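Overview (structure and organization)
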Amino acid sequence: MRVQICWQLWVGIILSFCLLMGLLSYQEQETVEPEPIPVATPIEVELMGPPLPETPLYSERDIECLALNSYYEARSESVAGQVAVAQVVMNRVKSNKFPNTICEVIQHGKTRINWKGNVVPILNQCHFSWWCDGKSDIPVDVRTYHSILDLVTDILYLDTVDITEGSLYYHADYVTPYWAPSFEMVTKIDRHIFYVDRNSK
C-alpha cells in the first residue's frame, strides 16, 4: 500500500514538473510576425511601365479563313505577297468600316436567300472573289496551304510589320476597278496594288 502511494506521488511530481517546463518554454517563445508584403514605390511603378495588352486569341476557324484567303488570293506569289493579303484582312478587322472578325471580313459581300431558306453569297459579288466564285473551297495544293497556314499564324501572334502601310484595299495589276481612284495607292507587291483610305478610322 505504501509503495503504491509513493509511486503515485512520484508520477504526480514528474507530471507537474513537465507541465511547468512546458509553460515556461511557451512563455519564452517570441511571437513571429508575418513579413510585410513589399509595395512598389511610384518610381518602381514608373520603371515597370504600363501593363502589356493581352494578345487576342483567334479561333481555329479564324486562322483557317485567313489561310484560305491568302491561298486563293496569292498562293502563286512570294511570301511577301501572301503576307500582304493577310494584312489587308487584319486592317479591315481593325477598321470600323468592316466586320470585326476575320471570317466575317473575308465573307463580306452581297447575299441572298436560297430555295432552302439559307443565306448564301451572290455569285461574284464578294469582296474576295474566291469566296463566291461557285468553286470548291478545298485547297488542292495541300503543301502550299499548310505553309500559308503557318505563315498567317505567325502574322497573328508575332509582332509583324505591316508591309501594306495600313491598306484596306487591293486589286490585281491587270484590272482597274472603278473604286481605285477614290483611294491612295501606297505600294505594289507582286501582282497586287494596295490602297489606303486616308479618311478611314
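Numbering of residues starts from 1 in each chain and follows the order in which that chain's sequence is written. Where local features are concerned, this predicted model is filtered to residues with pLDDT of at least 70; where side-chain atom pairs are given and counted, the filter is 80 or more; whole-chain, interface and lining totals use all residues. Side-chain metrics rest on all non-hydrogen atoms present in the structure, leaving aside hydrogens and water.

1. What to know about the state of the cysteines
- Any two cysteine sulfur atoms lying within 2.5 Å of each other are counted as a disulfide. Overall, the coordinates contain 2 disulfides when judged by the stated rule.
- One disulfide bridge connects Cys 65 with Cys 103, the sulfur atoms lying 2.1 Å from each other. For the disulfide bridge between Cys 65 and Cys 103, the dihedral angle about the S-S bond is near 100°, and by the sign convention the bridge is right-handed. With Cys 65 in helix 3 (residues 60-74) and Cys 103 in helix 5 (residues 102-106), the pair connects residues that are 38 residues apart, well separated along the chain. When sorted by exposure, Cys 65 lands in the same class as Cys 103, which is buried.
- One disulfide bridge connects Cys 126 with Cys 132, the sulfur atoms lying 2.4 Å from each other.
- To sort residues, take the accessible area from a 1.4 Å probe on protein chains only and compare it with the maximum for the residue type: under 20% means buried, over 50% means exposed, and anything in between is partly exposed. Here Cys 132 falls in the buried class, since its relative accessible area comes to 4%. Helix numbering and strand numbering both begin at the N terminus, where a helix is a DSSP run of H or I of at least 4 residues and a strand a DSSP run of E of at least 2.

2. Some details on the packing of aromatic side chains
- When the centres of two rings from Phe, Tyr and Trp lie within 6.5 Å, Trp using its six-membered ring, the rings pair. Their planes under 30 degrees apart give stacked, over 60 give edge-to-face, and anything left gives tilted. Considering all chains together, one arrives at 12 aromatic pairs under this definition.
- For the ring pair Tyr 58 and Tyr 157, a centre distance of 5.7 Å and an interplane angle of 75° mean the geometry is edge-to-face. With a gap of 99 residues between them, Tyr 58 in the loop between helix 2 (42-48) and helix 3 and Tyr 157 in helix 6 (residues 142-157) connect regions that are remote in the sequence.
- Exposure remark for Tyr 58: the relative accessible area of 23% places this residue in the partly exposed category.

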